[in-house]
Amino acid sequence: MAYQIKNFVDNANVKVINEKGPFKVVEYQKDLSVSPNYASMAYFSQEMNVRKRQVVCDVSKGNIVTQKGAMQWTIGKVDATTGLKGVGDFMKKAMRSTVTNESTIKPEYKGNGLLVLEPSYKHILLVNPNEMFNGQMVIDDGLFLACEGTLTHSVIARTNLSSALAGGEGLFNLALSGNGIVALESVVPIEELIQIYLDNDEIRIDGPYALAWSSSLDFRVERSGKTLLGSAASGEGLVNVYRGTGTVLMSPISNNVKFGAGSMSSF
């Protein structure tokens, strides 16, 4: 390598908190670049583990696919492509973005250098679908940040679309399959996420608390009770049901909570 980087990961204020495959997650232990107006907020945020985090990608270990606009800087010989393989591939990805709220074109970086993504106050989860989800994982909207180019992207539809629409949930979700690492953005750290393993069983969740699940599970939106009267009596109405054999990664709070990036003023 012809380049050198100083005062980044070798900075006492920057700590590598996770590393898998080509990805490193770095965390700023204190926010030292705040104005006096936000100093008090920055202090208590740091005490409560609200810290800036960034993903550093070693592109020499393989191609990296990111969400559109996620790149902050690169160094070395790193080339960005659209990842499109023709008009048919573009149409397929455009249709997928329409139904999943994901960007149509996800940049793909290749070469021999480093790719550093934009900082975020969210927690970064590094997951291998092949290890936790038996080869293919379905993720909730807005969680995808980056992944290895070895993973295949597809769309999974709800089993009963009419109930999903009635429940106010999305009809389609992004699915990732293969052997590789995906980086997800979550408002909840891995220490608070609940891993549920189903063996020909089911779980009912009242709200968007499932972050990811095995594609082998039958995912439906159903009434909480067997009858309309029973649902009304329980006060729950429609619930998300995951049925079969597989894994559900669940958060104790909704991932729709808004977190800013950059300065403290974005809170």
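What counts as what
Residues numbered from 1 in each chain as written. Predicted model: local features only at pLDDT ≥ 70, side-chain atom pairs only at ≥ 80, totals over all residues. Heavy atoms only, no water. Phe/Tyr/Trp six-rings, centres within 6.5 Å; stacked < 30°, edge-to-face > 60°. Buried < 20%, exposed > 50% of the residue type's maximum accessible area, 1.4 Å probe, protein only. Lys NZ or Arg CZ within 6 Å of the ring centre and 35° of its normal. Salt bridge = Lys/Arg side-chain N within 4 Å of Asp/Glu carboxyl O. Core = buried A, V, L, I, M, F, W, Y, C linked by side-chain atoms within 4.5 Å. Helix = DSSP H or I, 4+ residues; strand = E, 2+ residues; numbered from the N terminus. Contact = heavy atoms within 4.5 Å. Polar contact = N/O pair within 3.5 Å; in protein donor to acceptor, adjacent residues only side chain to side chain. Arc of directions from axis to C-beta. Pairing = 2+ DSSP bridges. pLDDT = per-residue confidence, 0-100.

## A word on the packing of aromatic side chains
Summed over the entire model, instances satisfying the criterion amount to five aromatic pairs. Consider the rings of W213 and F219, whose centres lie 5.0 Å apart with planes at 70 degrees: the pair is edge-to-face. F219 carries the same exposure label as W213, and that label is buried. Grouped by ring-pair contacts, the aromatic residues W213, F219 and Y242 constitute a single cluster. Across from the ring centre of Y28, 5.2 Å away, lies the NZ or CZ of K52, which sits over that ring.

## Regarding the pattern of salt bridges
According to the stated counting rule, one finds nine salt bridges in the structure shown. As a salt-bridge pair, R204 and E202 come within 3.1 Å of each other at their nearest N and O atoms. Its relative accessible area of 33% is what places E202 among the partly exposed residues. Owing to a relative accessible area of 38%, R204 belongs among the partly exposed residues under this scheme.

## With respect to the nonpolar core
Judged by nonpolar contacts, the single largest core of 20 residues is most densely connected at M137, I139, F144, V182 and L184. For this core, the elements supplying multiple residues, two or more each, are β7 (123-127), β8 (136-139), β9 (144-148), β11 (172-177), β12 (182-186) and β14 (210-214).

## Description of the environment of A212
Here A212 is to be found in strand β14. By relative accessible area, which is 0% here, A212 ends up buried. Between the alpha carbons of A212 and Q195 there is a distance of 9.9 Å; along the sequence they are 17 residues apart. Beyond its immediate stretch of four places on either side in the chain, A212 contacts F133, M137, V138, I139, T247, V248 and L249.

## A few points about the environment of D218
Here D218 is to be found in strand β15 (residues 218-223). Spatially, the C-alpha atoms of D218 and V241 are 7.9 Å apart, while their sequence positions differ by 23 residues. Only 2.9 Å separates the side chain of D218 from the side chain of R220, close enough to count as a polar contact.

## A look at helix α1 (residues 39-47)
Residues of α1 that are buried: A42, S45 and Q46. Projection of α1 onto a plane perpendicular to its axis shows the buried side chains occupying an angular sector of 95 degrees, all on one side. Of the residues flanking the end of α1, it is N49, one or two places downstream, whose phi is positive at about 65 degrees.

## Looking at the side chain of S186
Secondary-structure assignment places S186 in strand β12. Overall, the relative accessible area of 0% leaves S186 in the buried class. Here the side chain of S186 touches V188 through a polar contact of 2.8 Å, landing on its backbone oxygen. Leave out the neighbours within four places in its chain, and S186 touches K122, H123, L125, L211 and N255.

## Observations regarding the pairing of β8
In the case of a regular strand, side chains alternate between the two sheet surfaces. Neither face of β8 is left uncovered, since the one carrying Q136 and V138 and the one carrying M137 and I139 both have all their residues buried. In terms of strand pairing, β8 meets β11 through four bridges, oriented antiparallel. Following the sheet pairing, I139 is matched in β11 by L174.

## Comments concerning the pairing of β12
When you tally the buried positions in β12, you get five out of five residues, the bulk of the element. Here β12 shows two buried faces, one formed by V182, L184 and S186 and the other by A183 and E185. In the sheet, β7 pairs with β12 via five bridges, with the strands oriented antiparallel. Counterpart to H123 in the pairing with β12 is S186. Bridge count between β9 and β12: three bridges; the pairing is antiparallel. Note that in β12 the partner of C147 across the bridge is V182.

## Details of the side chain of N13
Mapping N13 onto the fold places it in the segment before β1 (14-20). According to the relative accessible area criterion, N13 is buried, its value standing at 13%. Every residue in contact with N13, bar those within four places of it in the chain, is listed here: E27, Y28, Q29, K30 and L32.

## A closer look at the confidence of the model for the protein
The share of residues in the protein with pLDDT of 70 or more is 78%, and the mean pLDDT across the chain is 83. Segment residues 86-91: pLDDT under 50, and five contacts once partners within four positions in sequence are set aside and those in other chains are kept.

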